[in-house]
Amino acid sequence: MSDGLLGPLLLARNAIDRSAALRGDEEWLVRAWAAEKTRVLLVHEGRTLISRFTDGAALVLMSPGEAPEGTRYLLGVDDDGVPYFAVRAPLPPEATGEVAGLREAAVLLDDRDAGLLVYAVALEAWHDTHEFCPRCGSRTNITTSGHTRICPEDGSQHFPRVDPAVIMLVRDDADRVLLARGPRWPEGRMSVLAGFVEPGESLEHAVAREVLEEVGVVVTGPRYMGSQPWPFPRSLMLGFVARAVTTELRPDEEEIAEARWLSREELAAQVESGELRLPGQVSIARRLIETWYGSPITTADD
């Protein structure tokens, strides 16, 4: 198996400087918002506007003067000095472009646009669930271009957070891969195992604990492979591979509807027949499976 992931992590791309030092510079922010070269993307409930072309798509970006009223997030500045903002506002029905969410748009966008959209969706998701102070319950105010919320009553500051989650491809000594399906997933849809890191826990321990809890398999030697944001709503997926010490499957019925070991030949045959549906191209799960398989896998869903 390769030492690195096969293919790009589509939600881990970025082509602009996030320009953290400018977030609280009110004079610069006023100038940037007045500049015609500044580009703005709209985001609403995790969706935005894109323009499709023959072999991809691009974000529909506009000038500040064209943008509707809404909460502004500074996303950064590119190498040519162009500032980028997101505005959180309903998408105008008369606007040019197609409404798309991150899952469908990310496979079509280039590095700059994918990075901008992931960033904007992640910020919007955080603000959706952090309007009130966790200490006193007062409504908080947005500052530093959408990167801080401050409580006006107790002065506490709150920053965008992510929840670390491990996602692991488990293989046994016969080089079979372990795939599983959650109870709410459709028949045939399977993926690698994953779970949130608990307080006071290392990533490696989380890998071993989650596999044991979900399917009763003991693993060893977890090896880090890569990470990508998963803003649904605010996870950071940390990818690992691990070797199974035991292979008897004892799925936790609340977490796992079914689990199975598959050889490469079995996986290929089941994907071709439609019996098995793999995770989408935007997921790190797909990259882990393809890295173990040794090449990209074409499915009917792609």
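Residues numbered from 1 in each chain as written. Predicted model: local features only at pLDDT ≥ 70, side-chain atom pairs only at ≥ 80, totals over all residues. Heavy atoms only, no water.

(A) Seen up close, unusual backbone geometry. Here the residue pair Phe232 and Pro233 is connected by a cis peptide bond, since its omega of 10 degrees sits within 30 degrees of zero. You can see Pro233 is positioned in the loop between strand E13 (219-230) and strand E14 (235-244). One non-glycine residue with positive phi stands out, namely Glu45, at about 55 degrees. In this structure, Glu45 sits in the loop between strand E1 (39-43) and strand E2 (47-53). Non-glycine residue Thr144 carries a positive phi angle of around 45 degrees. Following the sequence through the fold, Thr144 ends up in the loop between strand E7 (141-143) and strand E8 (148-150). (Helix = DSSP H or I, 4+ residues; strand = E, 2+ residues; numbered from the N terminus.)

(B) Spatial organisation of the side chain of Arg149. Checked against the element boundaries, Arg149 lands in strand E8. This buried residue, Arg149, is left without a salt bridge; Glu131 holds the nearest opposite charge, at 5.2 Å. In this structure the side chain of Arg149 is engaged in a polar contact, spanning 2.9 Å, whose partner is the side chain of His127. Ignoring any residue separated from it by four or fewer positions in sequence, one finds Arg149 in contact with Trp126, His127, His130, Glu131, Thr140, Asn141, Ile142, Ser156, Gln157 and His158. (Buried < 20%, exposed > 50% of the residue type's maximum accessible area, 1.4 Å probe, protein only. Lys, Arg positive; Asp, Glu negative; His and termini not counted. Salt bridge = Lys/Arg side-chain N within 4 Å of Asp/Glu carboxyl O. Polar contact = N/O pair within 3.5 Å; in protein donor to acceptor, adjacent residues only side chain to side chain. Contact = heavy atoms within 4.5 Å.)

(C) Seen up close, the packing of aromatic side chains. One pass over the structure, following the stated rule, counts 4 aromatic pairs. Aromatic pair Tyr224 and Phe240: ring centres 5.7 Å apart, planes at 70 degrees, arrangement edge-to-face. One end of the pair, Tyr224, is in strand E13; the other, Phe240, is in strand E14, with 16 residues separating them in the sequence. For Tyr224, a relative accessible area of 44% puts it in the partly exposed group. With relative accessibility at 2%, the residue Phe240 sits in the buried group. Arranged with centres 6.4 Å apart and planes meeting at 55 degrees, the rings of Trp292 and Tyr293 form a pair that is tilted. Stacked on the ring of Trp292, the Lys or Arg Arg264 has its end atom at 4.6 Å from the ring centre. (Phe/Tyr/Trp six-rings, centres within 6.5 Å; stacked < 30°, edge-to-face > 60°. Lys NZ or Arg CZ within 6 Å of the ring centre and 35° of its normal.)

(D) Just the pattern of salt bridges, in detail. Applying the stated criterion across every chain, the model contains 25 salt bridges. Taking the shortest distance from any N to any O, the salt bridge between Arg88 and Asp128 comes out at 1.8 Å. Here Arg88 is found in strand E5 (residues 83-88), whereas its partner Asp128 is found in helix H3 (residues 111-128), with 40 residues between them in sequence. Owing to a relative accessible area of 24%, Arg88 belongs among the partly exposed residues under this scheme. The exposure class of Asp128 is partly exposed, given its relative accessible area of 39%. The salt bridge partner of Arg161 is Asp163, with a shortest N-O separation of 2.1 Å. Overall, Asp163 belongs to the buried group, its relative accessible area being 16%. A cluster of three or more residues bridged by salt bridges with shared partners is formed by Arg181, Glu187, Glu258, Arg260 and Glu275.

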